[in-house]
Amino acid sequence: MANVKVKFKDFIGDKAFYKMAFAIIIPVVIQQIILSTAGYVDNLMISSYSDTAYLGVSTANRFIFVMNFFWIGIASGISIFIAQYNGAKMKDKLREVIQFAMVLALIIGIISMALIYFVGPWVLRQFISGNTQNDLESIKAGTQYIQIIGLGAIIILINFVVSTMFRALGQPKVPMFAGIAGIVVNIGLNLVLIYGYLGFPEMGPTGAAIATVVSKVVDLGILVVISLFFTEDKYARKIWNKIYFDSTLAIMYFKKGVPIILNEMMWAIGVQLMALFITWGNTSWLQSYNYFQNITDLFSVYYAGLATGTAVLVGSALGANDFEKAKDISKKLIGLMFMTTIVAIVLVVSTSPLLLKLLTNDPIHYWNAYYLVLINSGLIVFYGFNSMVFYTLRAGGDSIKAFFLDQVPMYILGIPITILLAFMEPKWQIGLLGIFALTKVVDIIKMFIAIHFYRTETWLVNLTLTPTNKLEEAN
């Protein structure tokens, strides 16, 4: 019995720990809450503009969702090295990583622009495959929206990378304030451009896309000004003083970073494939599923905070070569995840009826979406634990196991099960809720894999320790 208590206490922090953790986590969560709220308001405005516009834009955002995770992968790979070099107090290496990140963001941004502009409309038509007038109007609205977003891809990606770097350096308040300013601009421009106020023409989905891109320009502009003039070390002024490029860093980034990028993209693609087959050929189901997604996005904000907390706190401890501290921090962050999960479940169950009511008056869409929310809420604990192990593995550069944890259960079990249920639904009459619930068994199986990987402790690696102070492959 004593051992159980000791193990339980390992996951509970003291006042000093929570003060340290919340200093990193809360600014990120606040930014994500505002960002998610702004996304909800965007969808609310588009939904009130027209149902066809909402279906087109919300479905187009499924491809943007994949691209977002591609960008998150790029930024996350960089954050591993920034967090560990920052923990090791290696300033020259930090400048090298930041310079490398900026060049990489520019190159990937150009590629992203082409992908979103040309591939995005094709993906949209895979979800909305009908030829009714409403379907065609939805496809037109979604295409207009996604192509404008594509033109702003470079700005959006650089914004991602710079925000992630500030967080990895332990300065999450900077992207929080910049993000808040961008969101205020986004909502204001949405009102003006979607509905045609203040002398502007009524632009609908096109106006929503323009508002999004302009808000990212404002967000990035604030980040650049702060990095140039208001940061203590002024990295932005110094990173272009010379070429810091070291092939060792590039090699290590691609060894450690490419699995992260592939993981994020494959996970995002897998999620969208599952959404495609869960709602297979049924526009009404797709509409309900999109409403459900809008609600759950509002309540997944604490994952972003915990991810940043893990990257910064665990990564810094590993960079300082203090493995016992890294293990202790990781356990306490997992304990924090369980506590915040309880709050999230209560909030999502109690507030989703009103939030859904604001989005739709259609009783079929409303109740389908609400029941999806309830099913999903019962599994939040599994999502949270799996995510925390994933972030911990990645903080130590164990991107291979992180990749395995995220992808194998989904692609070996999740997607095949979903495809089977989709094609057998006419015969078995499972319905939207039945298909969705049965696919979630994968997350329970995934938890057991996560427990095993966490206990192996292969993530306890200091990536900065080499005889020449250059980064090389860790065991």
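Above this text you will find the structure in question.
None of the values given here were measured: they were computed from a predicted structure.

### Details of the packing of helix H16 (residues 399–428) against helix H18 (residues 441–456)
Moving on, step 1. Put simply, H16 and H18 touch, their axes get as near as 10 Å, and they point 160 degrees apart. Judged by the angle between their axes, H16 and H18 are roughly antiparallel. The handedness of the crossing between H16 and H18 is right-handed. Along the contact surface, H16 presents Lys-401, Phe-404, Leu-405, Asp-406, Pro-409, Met-410, Leu-413, Gly-414 and Ile-417, while H18 presents Val-441, Val-442, Ile-445, Lys-446, Ile-449, Ala-450, Phe-453 and Thr-456.
Moving on, step 2. Residues belonging to the contact of H16 with H18 are distributed by class as follows: 12 nonpolar, two polar and three charged.

### Side note on the nonpolar core
Moving on, step 1. One finds Ile-82, Val-161, Met-165 and Leu-333 to be the most contacted residues of the largest nonpolar core, which totals 125 residues.
Moving on, step 2. Counting residues per element, this core draws most heavily on helix H3 (residues 51–87), which supplies 16 residues.
Moving on, step 3. Excluding anything up to four places from it in sequence, Ile-82 contacts Leu-94, Val-97, Ile-98, Met-165, Ala-168 and Leu-169.

### Side note on helix H15 (residues 380–395)
Moving on, step 1. Along its 16 residues, H15 runs 22 Å from first to last C-alpha, staying within 8% of the 22 Å computed at 1.5 Å per residue.
Moving on, step 2. Counting buried positions along H15 gives 14 out of 16 residues, so the element sits mostly inside the fold.
Moving on, step 3. Gly-397 lies just past H15 and shows a positive phi near 80 degrees.

### Examining the packing of aromatic side chains
Moving on, step 1. The full count for this structure, using the stated rule, is 24 aromatic pairs.
Moving on, step 2. With centroids separated by 6.0 Å and ring planes inclined at 40 degrees, the aromatic side chains of Phe-65 and Trp-267 adopt a geometry described as tilted. In this pair, Phe-65 sits in helix H3 while Trp-267 sits in helix H10 (residues 247–278), placing the two residues 202 residues apart along the sequence.
Moving on, step 3. Through a chain of ring-to-ring contacts, the aromatic side chains of Tyr-366, Trp-367, Tyr-370 and Tyr-371 assemble into a single cluster.
Moving on, step 4. Here Lys-401 stacks its cationic end above the ring of Phe-453, 5.9 Å away from the centre of that ring.

The rules behind the values
- Residues numbered from 1 in each chain as written.
- Predicted model: local features only at pLDDT ≥ 70, side-chain atom pairs only at ≥ 80, totals over all residues.
- Heavy atoms only, no water.
- Axes fitted to C-alpha atoms, helices over the stretch in contact; angles between N-to-C directions.
- Helix = DSSP H or I, 4+ residues; strand = E, 2+ residues; numbered from the N terminus.
- Parallel < 35°, antiparallel > 145°, perpendicular 65-115°, else oblique.
- Left-handed = near helix turned anticlockwise from the far one by under 90°.
- Contact = heavy atoms within 4.5 Å.
- Nonpolar A, V, L, I, M, F, W, Y, C, P; charged D, E, K, R; others polar.
- Core = buried A, V, L, I, M, F, W, Y, C linked by side-chain atoms within 4.5 Å.
- Buried < 20%, exposed > 50% of the residue type's maximum accessible area, 1.4 Å probe, protein only.
- Expected span 1.5 Å × (residues − 1).
- Phe/Tyr/Trp six-rings, centres within 6.5 Å; stacked < 30°, edge-to-face > 60°.
- Lys NZ or Arg CZ within 6 Å of the ring centre and 35° of its normal.

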